[in-house]
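Architecture and fold: a report
Take a look at the letters that make up each chain.
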Amino acid sequence: MRDSSVRSLQDLAPHTAKVDAPARPSVLVVSHERSGTHFLMNAIVAAYGYPRGPFLNFDQPQLNINYFDPPAVAAVLEKVGSHATPSVIKSHHAVDFFDGVLDDVLKHVAVFYIHRDPVDVMISFWRLVAACSWHEGPRRPTALEFAAAEPEGMMMRYQQKQTRSLLHRWANHVDGWTEVAKTRGGRLKVVRYDALSSAYERTVVGFDALLGQRTGSLVPPRRELNVVTGVSADALPAPDYAAIRELALAEVGDTMRRHGYA
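Being a predicted model, the structure only gives us computed values, none of them experimental. (Residues numbered from 1 in each chain as written. Predicted model: local features only at pLDDT ≥ 70, side-chain atom pairs only at ≥ 80, totals over all residues. Heavy atoms only, no water.)

**Remarks on the overall build of the protein**
The following threshold applies: Working definition: helices are DSSP H or I runs of at least four residues, strands are E runs of at least two. Numbering for both runs from the N terminus. By definition in these notes, contact holds between two residues if any of their heavy atoms fall within 4.5 Å.
Along its length, the protein carries 11 helices and five strands. When contacts within the protein are restricted to residue pairs at least 6 apart in sequence, those whose partners lie at least 24 apart make up 73%.

**A few points about helix α2 (residues 37-48)**
The following threshold applies: For a helix, the expected span equals 1.5 Å multiplied by the number of residues minus one. Relative accessibility decides the category of a residue: with a 1.4 Å probe and only protein chains considered, values under 20% of the type maximum give buried, values over 50% give exposed, and everything between is partly exposed.
The terminal C-alpha atoms of α2, which comprises 12 residues, lie 17 Å apart, in line with the 16 Å expected from a rise of 1.5 Å per residue. For α2, a buried count of 12 out of 12 residues is recorded, marking the element as mostly surrounded by other parts of the structure. Residues of α2 that are buried: Thr37, His38, Phe39, Leu40, Met41, Asn42, Ala43, Ile44, Val45, Ala46, Ala47 and Tyr48. Looking one or two places after α2, you find Gly49, whose phi comes out positive at around 75 degrees.

**Remarks on the pairing of strand β4 (residues 109-115)**
This is how the line gets drawn: Here a strand pair is declared whenever DSSP counts at least two bridges between the two strands.
In terms of burial, β4 is largely enclosed, as seven of its seven residues are buried. Burial of β4 is two-sided: the residues Val109, Val111, Tyr113 and His115 facing one way and the residues Ala110, Phe112 and Ile114 facing the other way are all buried. In terms of strand pairing, strand β1 (residues 26-30) meets β4 through five bridges, oriented parallel. Counterpart to Val27 in the pairing with β4 is Ala110.

**Observations regarding the sheet that holds strand β5 (residues 188-192)**
Definition in use: Note on geometry: axes are C-alpha line fits, over the in-contact stretch for helices, and angles between N-to-C directions span 0 to 180 degrees.
What the five strands build is an open sheet, ordered β2-β3-β1-β4-β5; its pairing is parallel. If you trace the sheet from one side to the other, it starts and ends with β2 (56-57) and β5, each paired once. Sheet analysis places β2 next to strand β3 (residues 88-91), joined by two bridges and oriented parallel. Bridging across to β3, Asn57 finds its partner in Lys90. Its contacts with the sheet put helix α3 (residues 70-81) on β1, β2, β3 and β4, and the angle it makes with β1 is roughly 135 degrees.

**Quick look at the packing of aromatic side chains**
Pairs of aromatic rings are described using the distance from one ring centre to the other and the angle between the two planes. For clarity, the threshold we go by: Aromatic pairing here means that ring centres of Phe, Tyr or Trp (its six-membered ring) are within 6.5 Å. Orientation follows from the plane angle: under 30 degrees is stacked, over 60 is edge-to-face, and everything else is tilted. Put simply, a charge is over a ring when the Lys NZ or the Arg CZ is close to the ring centre, within 6 Å, and near the line of the ring normal, within 35 degrees.
Per the counting criterion, the structure on display carries nine aromatic pairs. The interplanar angle of 65 degrees and the centroid separation of 5.9 Å between the aromatic rings of Phe39 and Tyr193 together place this pair among those described as edge-to-face. Placement of the pair is Phe39 in helix α2 and Tyr193 in helix α8 (residues 193-198), with a sequence separation of 154 residues. The exposure class assigned to Phe39 is buried, which follows from its relative accessible area of 8%. Relative to Phe207, the ring of Phe112 has its centre 4.9 Å away and its plane inclined at 75 degrees; by these criteria the two rings are edge-to-face. Of this pair, Phe112 sits in strand β4 while Phe207 sits in the loop between α9 (200-205) and α10 (208-211), and the two are 95 residues apart along the sequence. Phe207 matches Phe112 in its accessibility class, with the two residues each being buried. Following the ring pairs from residue to residue traces out a cluster consisting of Phe39, Tyr193 and Tyr200. Lying over the aromatic face of Tyr193, Arg116 brings its terminal NZ or CZ to 4.4 Å of the ring centre.

Here it is as structure tokens:
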């Protein structure tokens, strides 16, 4: 399985040549869905000269990885990190998928974790699931009902165990990654979506220590780049922000307070 994983990854990036170490590290951008993943990826590409071509999507099964075997996960990321051309890699996996191998992964790639206010996440995620033609997750008439629903469908590929609601799934994801970041030094960088949005230049400049000298632009990338925009606003009822926030505070208020969302 691990050998075939590496061969599949090489097939996806045949233009690269193996060397001892790249001049700049490959970057794994991780988040809960709808938390600014592409915004951060595009910011890194624009400011630090990473290739603008197709990013490596660690979420897709065509990579032929046994995601539930942490050493297989680490082996693929080590292979990415050994290529001459550094890559930007996208993942929505919970930190559990890296149990026992995270320190090995961080030797080969830099990891950025971005998180966002759960109310905005739930509303954006609800719209995305409604727009999917496949069973990505629970389809509910309102964003409030969606936030209270149990995870199901294809979104289950990003979690190791069930949670009682999508809000709890968000809390587990954010708490898991931010907790391990506390003891991993500068190689695992936590980014707030609101900081990237409202203080873009200051936030991106803060990546210099991890990614090296900037070679590109500090102009924010267009938000719509590589983003699934979802269904028309007219096709769904207006979200009840106050009700969703009230539910979120009742269910995952401790996590929200820890991360400055309450």
